[in-house]
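Understanding the architecture of this molecule
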Amino acid sequence: MSDISIQDTQYEANMGDYFALLKPRVMSLVVFTALVGLLVAPMPVHPFIGFVGILCIAVGAGASGALNMWWDADIDARMKRTAGRPVPSGRVAAGEALGIGLGLSGFAIVLLALATNFLAAFLLAFTIFFYAVVYSMWLKRATPQNIVIGGAAGAFPPMIGWAVATGGVSIESVLMFALIFMWTPPHFWALALFVKSDYGNAGVPMLTETHGRDATRKHVIIYTLLLVPVALGLGLTSIGGPVYMAVAVVMNGWFLKGAYDIYRRDDAACEADKHAVEISVFKVSLYYLFAHFGALLIEAALRQYGLGGW
Amino acid sequence: MAIKVEHEMHERRRGRNMGVGLLLIGFIGIIFGLTVVKVLQLGDAAQFEKFDHVARPQIVPEGGNN
């Protein structure tokens, strides 16, 4: 037959493969934090404009995920956890991932600028740049601190949500950013302590491998200590209140105790109970972020009825 | 080789084509919805004329510059 028969034998990517390029699980966290940033802001936003704003932030985050998969296809192919991603598994061509990443980035930024304001669009553009270029291209393969600085990319969404509503940046949005920024390293390193990773094979420097597990434990406790004042400080701003403060005190105490438990252990203890403490602290860190942003939402809801706040 | 109107590829790509179609319809819906919301937010739909690219003397309020 003709050329077409050659094409017939190739795998044809379906919608799900393209959707997987956008890292849907990361996107769900982005949507949640951006939505909180938008809803706690003092200015009301028309629901449809708010919806389009969140959609643009989600698509922008997805686009940066696609750019990351394009750039990191060589690393992903060498690690078990990521070898099944669309590009290393051959379901989507690398060039397609690049095209989709760039196309969706432009779409999301322009639509956000037209639907809301230029500051929000600029912050979204900067977030995509930060994740795709600063984190993926510059830091990830160069330094074990990649998690620390790269975490900024994940911390921007509530700040963009706030900018969608207010058109500005303020102490509240900076502290929401700082909360996620400071939370990312201990959250990730708790994971790194119990997951058998093959980052070493892929040539990605990880703190557990470059500086050892003891140094990682020290880093977890130090970053958790630095996180506490940020979380409590956010409670003193106009979006905080007694409910948030109560949640923050409990969650910070819980997280801090977990970090201290990790700090006191050695490898023998970890092996003995199969990393039970590290696994539980990792779970606590997930509850921690959800509880803080959930409490901010509760404060915002209470304010509607003249309650909450200071 | 017989040229078929329905190639096997059409069947194979059906899911993908439907997906792209739905995305385009969604996009149209978003732009339409945004337009409705933005025009209604002007308060007076006649204000929409101000977005024209040329000066429109007839929309300058009475008693304004002649």
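Since the model is a prediction, treat every value here as computed from it, not as a measurement.

Residues and elements named next belong to chain A. On the surface, F122, F126, F129 and W138 cluster together to form a nonpolar patch covering roughly 440 Å² of accessible area. Along the chain, the position of F122 falls in helix 7 (residues 118-139). Of the residues examined, F122 reaches a relative accessible area of 51% and is grouped as exposed.

Residue and element names in this part refer to chain A. Although it is not a glycine, K23 sits at a positive phi angle of roughly 50°. Locating K23 in the fold gives a position in the loop between helix 2 (15-20) and helix 3 (24-40). The phi dihedral of H275 is positive, around 60°, even though this residue is not glycine. The exposure class of H275 is buried, given its relative accessible area of 14%.

Listed as interface residues are 21 residues of chain A and, on the opposing side, 20 residues of chain B. Here R16(B) ties to E12(A) by a salt bridge, and the two come within 3.5 Å at their closest N and O atoms. Connecting chain A to chain B are four residue pairs in polar contact (both at pLDDT 80 or more). Secondary structure elements with two or more residues in the side of chain A that touches chain B: helix 1 (4-8), helix 2, helix 4 (47-71) and helix 6 (94-115) of chain A. Residues that form the side of chain A that touches chain B fall into these classes: 13 nonpolar, six polar and two charged.

Think of an α-helix as turning once every 3.6 residues; residues three or four places apart then point the same way. The end-to-end C-alpha distance of helix 6 of chain A, which contains 22 residues, comes to 31 Å, matching closely the 32 Å that a straight helix rising 1.5 Å per residue would cover. Taken together, the buried positions of helix 6 of chain A are occupied by A97(A), G101(A), S105(A), A108(A), L111(A), L112(A), A113(A) and A115(A). Where helix 6 of chain A is buried, its residues meet helix 4, helix 7 and helix 8 (146-166) of chain A together with helix 2 (14-41) of chain B.

Conventions used here
- Residues numbered from 1 in each chain as written.
- Chains lettered and ligands numbered in written order.
- Predicted model: local features only at pLDDT ≥ 70, side-chain atom pairs only at ≥ 80, totals over all residues.
- Heavy atoms only, no water.
- Patch = residues over 30% accessible without salt bridge, like charges linked within 9 Å, V, L, I, M, F, W, Y side chains within 5 Å.
- Areas by Shrake-Rupley, 256 points an atom, 1.4 Å probe, with all protein chains shown as cover.
- Salt bridge = Lys/Arg side-chain N within 4 Å of Asp/Glu carboxyl O.
- Helix = DSSP H or I, 4+ residues; strand = E, 2+ residues; numbered from the N terminus.
- Buried < 20%, exposed > 50% of the residue type's maximum accessible area, 1.4 Å probe, protein only.
- Contact = heavy atoms within 4.5 Å.
- Polar contact = N/O pair within 3.5 Å; in protein donor to acceptor, adjacent residues only side chain to side chain.
- Nonpolar A, V, L, I, M, F, W, Y, C, P; charged D, E, K, R; others polar.
- Expected span 1.5 Å × (residues − 1).

Keep in mind that these numbers describe shape and distance, not what the molecule does.
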